[in-house]
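Chain by chain, the residues run as shown.
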Amino acid sequence: MSAYIPADHTQRRQALDIGASFCVQAPAGSGKTELLTQRLLRLLAHVQQPEEILAFTFTRKAAAEMRNRLLNSLHEAARFVRDPAADWNRLEEHKRLTLQLAAAVLEQDTRQQWQLLENPQRLRLTTIDSFTSWLSAQLPLGASLGARAVITTDMEPVFADAIRATLAMLDTPGPASTALQQLLPHLQNNLQTAENLLQKLLYQRDQWLPLVKSLERGDARAELEGTLRELIEGQLREAAALLAPCQRDLLALLAFAVENLQDFPDHELHRIDVTELPGLGASHAADWRCVMRFLLLASLDGFRSPKGLQAKHGFPSQKDAGGKAQQERCRTMKAAFGTLCDSLLDGGCLPALQMVARLPDARYADNQWQVLDALCTLLPVLAAQLNLAMRARGVVDHTETSLAALRALGDDDAPTDLALRLDYRIRHILVDEFQDTSSMQFHLLEKLTLGWEPGDGRTLFIVGDGMQSCYAFRNAKVSLFLKARNEGIGTVQPQPLDLRVNFRSDSSVVRWVNEVFSKSFPRLDDLARGGVRYSTSDARFPDPLTPGVHAHLWVDAADTTTDSAQRHRLEAEAIAQLCVQLQQQDPEQSIAILVRSRSHLREIVPALRAAGLKWNASKIDRLLAYPDIADLFTLLRALLTLADTTAWLALLRTPFVGLLLDDVHMLAVQAQSESASLWTVMQRHAGTAGLSSDAHARLERCVPLLQQARARRQLQPLRQVLEALWIALGGPACLQNAALQPNVATFFRLVGEHAPHGDVIDIHALGEALDATYGSAVDESIRLQLMTIHNAKGLEFDAVLVPGLDRLPRANDRELLLWHEQLDAHNRSRPLLALLPERGQPDDLLYEYLRFEREQRDLLEATRLLYIAVTRAVRSAWLFGYVK
C-alpha cells in the first residue's frame, strides 16, 4: 500500500524551511506539536549553540511534554543509528522524517560537543511567564524589582495594601488627593465599594496601564472624543451600506409610522426627517438610534415582529385604523415591515444594527469626564503604590514580572545591555498556542525581534488556531494572532501557512464540525472584536462506521412545570446511563465529560456514583477537598501554633502519625487534667496512663521529628522545614495514590509563596488560597475523565460528552472602568475609556456600548469553546441541553 500523503503536505514541508519565518494556522488535531518538534530538530541541526533557539509554550506542562517529545526522538534516533538492521522505510512518513531530523541533531551534537542528552537543560523550552521571570531577574534594578522578590498567585493582600495607601493620600494635598475628591463622591463615598472596584482593576493593570499612560501626552479628552467620532462614523457607514438595498422600503415604513403617531406628539420619530436616512456624521448618532429602535425590540435582542407592532409604534390596530382602505393599508405595511426585517436578518445585518442602536454620543458629558479624568490621574498612582507594596512584602505576580521584563529590555531607542546580549544570542523564536497571547506578551516578542531583517538568518515561527482561543479572562486576545498573520510582529513579517488535515477525529466527527461551525463562526475575521472565520478541516482516514456527533436535546415547553434543578438531574441521569453503555461497548475507550463550569458537575457526580462508575477529576476539586492535602495543612497549623488544639488532635489521626482514637482521647484527657497543651503531653507521653504500646511507639518516632522541625523554623524557610518534616514522618508513603503528588507540589509551592523569607505566614490567607486552587488525581486504569473544557485543550478522547449547553454563563460584573482598543483606518490601536455611571443616575451610553462589545466578544469565545470541546472527540461526541 502506498504511503499516505496528507493534503497539506506541501505546507508542512515548507514550515521546515529554517531560513524563513512563518505563522501557522493549525486547527484541532492537525499535528502541530509534531510540526513544532520537527522545526526544533531542523534548527538544532544547524545552530552553533542550543541556546540560540527559544521556544515558548502556553503552560509548564506543555513545555515539559515538548521537551520529553524532543528528547525521546533523539533517543529513538540514536537506537536506529546504532542498529545496522534498522529499516527506516517501515516507519510512517512523518515518523521517519522526525527521526531523520533527530539523527542530524545527534551529528551536530557530536561535532559541537553539546552532550544534549546528558544536559537537556540547554534546550530553552519554557513558558512566556517563566522567561519573563528570568529576564527580570537578570537586571533586577533596571526592571525595578527587588532581588528577593518571590512570584505569587495570591495578590489580594498586596492589592489591599496598595489601595489603602492610595486612599490614605486623600488627606495629603496633591493631584492624588484632588482625584480622590472627584472619584469618591461618584461612588457615594463608600470606601469598601472603591476598594472592591480598584482591586478588580489591578488584576487587569497590564491592559489599562498602557492606555492610561498614552493619554498623559496631549489633550486626552480631545483624543478620546476623536476616537469616538471615528467609531461612530465607521458604524454608521456600515449600517448605511447594509440598508442601502432596502432604503426606499424603510423610509416608506418610517413615513407611515410618523403619519399615524399624531396621538403621540412626543414620539422620537417626529424629530427626524423620514424622507431620507440620517447623515453619516457623528452628530447624527441620536437620529440613527431612533431609526434602529423603530426596527428593533426594546431589548434590542432582535427585530420586531409584525404582530407586535402597536399604535405607539405607528401601526394602529384594525379597529383604530379607520375605513377598510386604511385597514388594508395597515395590514400591507405590517407585512412589508416583516418582509424588510426578514430580509435584514437573512442578510446578517442584525449585529451591525444592534451596534448602531447602542452608539454613544461623540462627546463625554462634562460631569462624567471630570470623574474619568480624575480616575486616569489616580490609576498610575495606584500602580506605583502597588510596586511599593510588592517590594515591602517581597512578592510579585506574573503580570509584574512581564512588565519588569519589558523594562529590563529598554525601549526601541535605548535598548539595555541585556537586550543587546539577547539579540546577539537568540536567533530563532518559536511560539506555540499563539492565539492565547496577551498584548504584553505580543509587545515582548516585538522587543525580542527588534532589528531583525529578512534574510539575516533569524526566524520567528508562531503556531496557533484562532478557532481555539478561549482565555480572554487571562487577557488573551485572538486578534493578536490575526494581526501577526496580516501585519507581522515588529519588523518580522512571517509567511502565513494553513494546515488542513485532522489526524485526530474520524471523518464523521470532522464532517459534522465543518458543517455546523462553518455557519456558527463569523464570515470574516474581525480584529476589533476578536471574531475568527472558520477554517475547514479534512479527515485523515476514510469514512469509518462510527457514531459521529449526537445532540440529546430536550424540548422545554413554555407551559412545563419542570424546574431547572429537575432538568439538570434528568440530564445527569442520561449522561450516567450513556457512560455505562459506552463502557459496556468498549471498556478500553477513553471517555471525557467536559463542562464549561465546574458547577455543571453538581448533579452529574452523584448520578455517576449511583451508576457505580469511577472517574478521574482534573482540576475539578479544590485542594483542601483531598484528604492528603488537608492532612498537610493540619501538620502546618500544628507546627505553627501549639495552642491550636484542633490541629494537634487532627494531626494525631493523620496516616503519618496514625494514633487510634482511644489513644488520642487519653492524651486529650491528660492535657485537660494538667491544663497543658497537647504538645506538652505528647513530649512526655510515657507518663500518660492507659496509652497503648502502639501509641508509645508512634510517638517515640514522631515527637523527635516534630521537635527538630520546631527548632529549625527560625533557621530555614518554612516550606523547606515543612517538606522535610512531612518526608521524615513518611508522608509520601501515606499518599492514597501516587497521582496525588502534583497536588502535594502545589501545596508546598503555595506555602513558599505565603512565607517567602521565613516562618511568618498568614495561615488564613493560605487557607483561602488552597481553597481557591484546584487539584487533580489521575488513575491510568480509569477511562472516564471529568474536566473543564479549558483544561481539555490539547487532549483527545474516544468519546466526549458535553452537558449543559443551555446554561448561560454568569453575567459580567459592572466594573469601574471599561476600555476598548479601536482600530483606525491604518489598523493603529486607539483607546476608548468609559466610567461606571453613578448609582441612581441614567445609564451612560458609552459605558453600555463597551459592555455590549464585551458581551459580543464573550459570545464569540463561547462558540470557540464549544468547538474545542467537540474537536477533542476521536470517535463520538454527545451534546446535551434543553431548548425551548
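Quick note: structure is the one above.
Since the structure is predicted, the reported quantities are computational estimates derived from the model, not experimental observations. (Residues numbered from 1 in each chain as written. Predicted model: local features only at pLDDT ≥ 70, side-chain atom pairs only at ≥ 80, totals over all residues. Heavy atoms only, no water.)

Participant: Explain the overall build of the protein to me, please; I cannot follow it from the model alone.
Facilitator: Along the protein, the regular secondary structure elements total 33 helices and 19 strands. Over its C-alpha atoms the protein spans a radius of gyration of 32 Å, differing by no more than 12% from the 29 Å that the globule rule assigns to 884 residues. Counting only contacts in the protein whose residues sit at least 6 apart along the sequence, the fraction spanning at least 24 positions is 78%. When the accessible surface of the protein is totalled, it reaches about 41000 Å², and 51% of it is carbon and sulfur. Averaging the positions of the 94 positive and the 106 negative side-chain charges in the protein gives two centres separated by 2 Å. (Helix = DSSP H or I, 4+ residues; strand = E, 2+ residues; numbered from the N terminus. Rg over C-alpha atoms; globule rule 2.2 N^0.38 Å. Contact = heavy atoms within 4.5 Å. Areas by Shrake-Rupley, 256 points an atom, 1.4 Å probe, with all protein chains shown as cover. Lys, Arg positive; Asp, Glu negative; His and termini not counted. Charge placed at Lys NZ, Arg CZ, Asp CG, Glu CD.)

Participant: I tried to follow the sheet that holds strand S14 (residues 774-777) on my own but got confused; where do I start?
Facilitator: Each strand in a sheet pairs with its neighbour through backbone hydrogen bonds, running either in the same direction (parallel) or in the opposite one (antiparallel). Strand order in this open sheet of 7 strands is S11-S19-S16-S12-S15-S13-S14, and the pairing throughout is mixed. Each end of this open sheet is capped by a strand with a single partner; those strands are strand S11 (548-555) and S14. Between one strand and the next, the sheet's axes are offset by a mean angle of 25°, whatever the strand orientation. Inspection of the sheet shows strand S16 (residues 797-802) paired to strand S19 (residues 873-883) by 5 bridges, in the parallel sense. (Pairing = 2+ DSSP bridges. Axes fitted to C-alpha atoms, helices over the stretch in contact; angles between N-to-C directions.)

Participant: Please explain the sheet that holds strand S1 (residues 22-25) as it appears in this structure.
Facilitator: The strand order across the open sheet formed by 6 strands is S3-S2-S6-S7-S1-S8, and the pairing between neighbours is parallel. A strand with exactly one partner marks an edge of an open sheet, and here the two such strands are strand S3 (124-127) and strand S8 (495-498). Neighbouring strand axes in the sheet, compared pairwise and without regard to direction, differ in orientation by 15° on average. Where S1 lies against strand S7 (residues 459-464), 4 bridges are found, and the strand directions are parallel. In the strand pairing of S7, Gln 25 is matched with Gly 464.

Participant: I would appreciate a short explanation of the pattern of salt bridges in the present structure.
Facilitator: Pairing is possible between side chains that carry opposite charge, provided their charged atoms lie close to one another. The tally for this structure, following the rule as stated, stands at 37 salt bridges. Asp 586 is paired through a salt bridge with Arg 875; the nearest N and O atoms lie 3.3 Å apart. Residue Asp 586 is located in the loop between helix H21 (564-585) and strand S12 (591-595), and its partner Arg 875 is located in strand S19; the two are separated by 289 residues in the primary sequence. Of the charged contacts in the structure, one is a salt bridge between Arg 684 and Glu 674, with a shortest N-O distance of 2.4 Å. (Salt bridge = Lys/Arg side-chain N within 4 Å of Asp/Glu carboxyl O.)

Participant: Would you mind going over the nonpolar core with me for this structure?
Facilitator: For soluble globular proteins, nonpolar side chains are generally found buried alongside one another. Of all hydrophobic cores here, the largest spans 101 residues; its most connected members are Met 292, Phe 294, Leu 295, Leu 816 and Leu 833. Ranked by residue count, the leading element in this core is helix H15 (residues 366-393), at 13 residues. In this structure, Leu 623, Ala 638, Val 664 and Ala 671 belong to the second largest nonpolar core, which totals 49 residues. (Core = buried A, V, L, I, M, F, W, Y, C linked by side-chain atoms within 4.5 Å. Buried < 20%, exposed > 50% of the residue type's maximum accessible area, 1.4 Å probe, protein only.)

Participant: Explain the pairing of strand S15 (residues 784-788) to me, please; I cannot follow it from the model alone.
Facilitator: Counting buried residues in S15 gives 5 out of 5 residues, a clear majority hidden from the surface. Side chains Leu 784, Leu 786 and Thr 788 project from S15 onto one buried face, and the interleaved Gln 785 and Met 787 project onto a second face that is buried too. The pairing of S12 with S15 spans 5 bridges and is classified as parallel. Of the residues in S15, the one forming a bridge with Ile 593 is Leu 786. The sheet contact formed by strand S13 (residues 616-622) and S15 spans 3 bridges and is parallel. Across the sheet, the residue bridging to Ala 617 is Leu 786, located in S15.

Participant: Any chance you could explain the pairing of S1 here in plain terms?
Facilitator: On any regular strand, side chains alternate: one points to one face of the sheet, the next to the other face. Side chains Phe 22 and Val 24 of S1 all project onto a buried face; the interleaved residues Cys 23 and Gln 25 project onto the opposite face, where all are buried too. Across 4 bridges, the pairing between S1 and S8 is parallel. Note on S8: the bridge partner recorded for Phe 22 is Gln 495.

Participant: Got a minute to help me understand the environment of Leu 340 in this structure?
Facilitator: Structurally, Leu 340 can be placed in helix H13 (residues 324-346). Classification of Leu 340 as buried rests on a relative accessible area of 5%. In sequence terms Leu 340 and Gln 247 are 93 residues apart; their C-alpha atoms lie 9.9 Å from each other. Setting aside residues up to four positions removed in sequence, Leu 340 forms contacts with Cys 246, Leu 250, Leu 253 and Leu 295.

Participant: How should I be thinking about the side chain of Asp 628 in this particular structure?
Facilitator: The topology assignment puts Asp 628 in helix H23 (residues 627-640). Among buried Asp, Glu, Lys and Arg side chains, Asp 628 stands out as unpaired, with Arg 701 the closest opposite charge at 14 Å.

Participant: Could you clarify how one ought to interpret the packing of aromatic side chains in this entry?
Facilitator: We describe a pair of aromatic rings using the distance from one ring centre to the other and the angle between the two ring planes. On inspection of all chains with the given rule, the structure shows 24 aromatic pairs. Pairing Phe 521 with Tyr 867 gives two aromatic rings, centres 5.9 Å apart and planes at 80°, and the pair type is edge-to-face. On the criterion of sequence distance, the pair formed by Phe 521 in the loop between helix H20 (507-520) and strand S10 (538-539) and Tyr 867 in helix H33 (residues 845-870) is long-range, its members being 346 residues apart. For Tyr 867, a relative accessible area of 1% translates into the label buried. When the ring centre of Trp 134 is taken as origin, the NZ or CZ atom of Arg 124, which lies over that ring, is 5.6 Å away. (Phe/Tyr/Trp six-rings, centres within 6.5 Å; stacked < 30°, edge-to-face > 60°. Lys NZ or Arg CZ within 6 Å of the ring centre and 35° of its normal.)

Participant: What am I meant to see in the state of the cysteines here?
Facilitator: Note on terminology: a disulfide is the covalent bond linking the sulfur atoms of two cysteines. Counting across every chain of the model gives 0 disulfides. Free of any disulfide, Cys 734 has its nearest neighbouring cysteine sulfur in Cys 702, separated by 9.5 Å. (Disulfide = S-S within 2.5 Å.)

Participant: Please clarify how the packing of helix H2 (residues 32-44) against helix H4 (residues 93-112) should be interpreted in this entry.
Facilitator: Angle between the axes and distance between the axes: these two values describe a pair of packed helices. Look at H2 against H4: their axes get within 8 Å of each other, and the N-to-C directions meet at 30°. Regarding the angle of H2 to H4, the classification is roughly parallel. The handedness of the crossing between H2 and H4 comes out as left-handed. Judged by residue contacts, Glu 34, Gln 38, Leu 41, Arg 42 and Leu 44 of H2 engage His 94, Lys 95, Leu 97, Thr 98, Leu 101, Ala 102, Val 105 and Gln 108 from H4. Taken together, the residues of the contact of H2 with H4 sort by class into 6 nonpolar, 4 polar and 3 charged. (Parallel < 35°, antiparallel > 145°, perpendicular 65-115°, else oblique. Left-handed = near helix turned anticlockwise from the far one by under 90°. Nonpolar A, V, L, I, M, F, W, Y, C, P; charged D, E, K, R; others polar.)

Participant: Before we go on, may I ask you to explain unusual backbone geometry in this structure?
Facilitator: Most peptide bonds adopt trans geometry, and most residues besides glycine take a negative phi value. Phi is positive for Leu 300, close to 65°, though the residue is something other than glycine. On the secondary structure map, Leu 300 appears in the loop between helix H12 (285-295) and H13. Take Leu 300: its relative accessible area is 12%, and that puts it in the buried class. Here the phi dihedral of Glu 433 falls at roughly 50°; this positive angle occurs in a residue that is not glycine. Note that Glu 433 resides in the loop between strand S6 (428-431) and helix H18 (439-448).

Participant: Is there a simple way to think about the environment of Asn 68 in this case?
Facilitator: Tracing the chain through its elements places Asn 68 in helix H3 (residues 60-82). Taking relative accessible area as the criterion, Asn 68 reaches 43% and is therefore assigned partly exposed. On a C-alpha basis, the gap between Asn 68 and Pro 120 in space is 9.6 Å, while along the polypeptide they are 52 residues apart.

Participant: What am I meant to see in a negative patch on the surface here?
Facilitator: A cluster of acidic residues, Glu 156, Asp 762, Glu 768 and Asp 771, forms a negative patch on the protein surface. Mapped onto the secondary structure, Glu 156 falls in helix H6 (residues 156-167). For Glu 156, a relative accessible area of 40% translates into the label partly exposed. (Patch = residues over 30% accessible without salt bridge, like charges linked within 9 Å, V, L, I, M, F, W, Y side chains within 5 Å.)

Participant: Just to check I follow, could you spell out a positive patch on the surface for this structure?
Facilitator: A surface patch of like charges, here positive, comprises Arg 60, Lys 61, Arg 474 and Lys 619. Among the residues examined, Lys 61 registers a relative accessible area of 55% and is labelled exposed.

Participant: When you look at the packing of helix H7 (residues 175-186) against H15 in this model, what are you seeing that I'm missing?
Facilitator: Where H7 meets H15, the axes come as close as 8 Å, and the angle between the chain directions of the two elements is 130°. Classified by the interaxial angle, the pair formed by H7 and H15 is oblique. The hand of the H7/H15 crossing is left-handed. Facing H7, whose interface residues are Pro 175, Ala 176, Ala 179, Leu 180, Gln 182, Leu 183 and His 186, H15 presents Gln 368, Gln 370, Val 371, Ala 374, Leu 375, Thr 377, Leu 378 and Val 381. In the contact of H7 with H15, the residues fall into 10 nonpolar, 5 polar and no charged.

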